[in-house]
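# Working through the structure, step by step
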Amino acid sequence: MSERTDRRSYEGRSITVTFEAGRCRHAAECVRGLPEVFDTDRRPWIRPDGADADRVVEVVRRCPSGALRYERTDGGMGARTPSV
Ligand code: SF4
């Protein structure tokens, strides 16, 4: 059985954040951790440039489900989400 993936990309100046809705467990780590970037009342709901890329990395790494991932395009800390 193949899992359908529906991962969307949100590109910022120094970091791209991707989100796969099917994996999200609504733990709200993202919206609580960095509301300037993650706001479900806004479209697009992820605005990668809303905070410093290091902070975005920190919060994306807290996502317990793997729904959020990131890839830095500025050569900064943690090039991409570590593979599990
Ligand atoms: S932290 Fe991850 S699992 Fe939790 S709401 Fe955000 S995207 Fe969904």
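Residues numbered from 1 in each chain as written. Predicted model: local features only at pLDDT ≥ 70, side-chain atom pairs only at ≥ 80, totals over all residues. Heavy atoms only, no water.

Naming follows an unreviewed UniProt entry, where the protein appears as Divergent 4Fe-4S mono-cluster domain-containing protein of Streptomyces arboris.

### Overview of the site of the ligand
Inspection of the region around the ligand gives 13 residues, with Cys 24, Ala 27, Cys 30, Cys 63 and Ser 65 positioned closest. Taken together, the residues that form the shell around the ligand break down as nine nonpolar, two polar and two charged. (Near = heavy atom within 4 Å. Nonpolar A, V, L, I, M, F, W, Y, C, P; charged D, E, K, R; others polar.)

### Here's the deal with the packing of aromatic side chains
The description of an aromatic ring pair uses the distance of the two centres, along with the angle that the planes make with each other. Using the criterion set out here, one finds two aromatic pairs in the structure. Judged by centre distance (4.9 Å) and plane angle (80 degrees), the ring pair of Phe 19 and Trp 45 falls under edge-to-face. Taken together, the residues span a long stretch of sequence, with Phe 19 in strand 2 (residues 15-20) and Trp 45 in the loop between helix 1 (29-33) and helix 2 (53-62) at a distance of 26 residues. Look at Phe 38 and Trp 45: their rings are 5.9 Å apart centre to centre, the planes differ by 55 degrees, and that puts the pair in the tilted class. Across the pair, exposure class does not vary: Phe 38 and Trp 45 are buried alike. Here a set of aromatic residues connected by ring pairs shows up, and it is made of Phe 19, Phe 38 and Trp 45. (Phe/Tyr/Trp six-rings, centres within 6.5 Å; stacked < 30°, edge-to-face > 60°. Helix = DSSP H or I, 4+ residues; strand = E, 2+ residues; numbered from the N terminus. Buried < 20%, exposed > 50% of the residue type's maximum accessible area, 1.4 Å probe, protein only.)

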